[in-house]
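Residue strings, one per chain:
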Amino acid sequence: AELKHGRICMLAWVGLVVPDIVRIPGPETCYTKSVLEAHTACILGDGTSATGPLVQVALFVGIVELLTTLPKCREGLTLENAGDYQLGLNFLPKEEAKAKEMKLKELKNGRL
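The structure displayed is predicted, hence computed values, not measured ones.

(A) A look at the overall build of the protein chain. Helix and strand content of the protein chain: 5 helices and 0 strands. Tracing the protein chain from N to C terminus, the helices and strands come up as α-α-α-α-α. Residues counted as buried form 11% of the 112 residues belonging to the protein chain. As presented, the protein chain carries roughly 9100 Å² of accessible surface, and 67% of it is formed by carbon and sulfur atoms.

As structure tokens, then:
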């Protein structure tokens with residue numbers, strides 16, 4: 001789970017920096033406010049109900065989490081396999097010691 005959260009934090013940092021360089025289409029209120037106020041503006045949209053563009057992102061993330069967590073619960077969710085979706089295994093070295101070292105490097109990178 002710590003590895004998964006480290007990856008999410010790295011993506012969140014990219015999401016914080018990239019909008020200063022590249023603009024995607026969206027309501028002007030999302031771009032004219034500070035970071036915290038823009039989050040609220042992009043969720044609330046018109047100001048009264050959750051109709052902003054981030055609602056779509058939240059729904060998508062919720063569906064992905066639901067669809068990936070339920071199978072893990074059926075096969076036995078443990079601390080060792082929480083957040084492990086078996087992605088990128090072909091990039092790991094074939095030797096067990098080197099694979100363990102690479103996993104530790106990624107974990108430490110997420111802790112920065």
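Now, onward.
(B) Layout of the environment of Gly6. Mapped onto the secondary structure, Gly6 falls in helix α1 (residues 2–17). Among the residues examined, Gly6 registers a relative accessible area of 7% and is labelled buried. Along the primary structure Gly6 and Asn109 are separated by 103 residues, whereas in three dimensions their C-alpha atoms are 7.8 Å apart.

How each quantity is defined
Residues numbered from 1 in each chain as written. Predicted model: local features only at pLDDT ≥ 70, side-chain atom pairs only at ≥ 80, totals over all residues. Heavy atoms only, no water. Helix = DSSP H or I, 4+ residues; strand = E, 2+ residues; numbered from the N terminus. Buried < 20%, exposed > 50% of the residue type's maximum accessible area, 1.4 Å probe, protein only. Areas by Shrake-Rupley, 256 points an atom, 1.4 Å probe, with all protein chains shown as cover.

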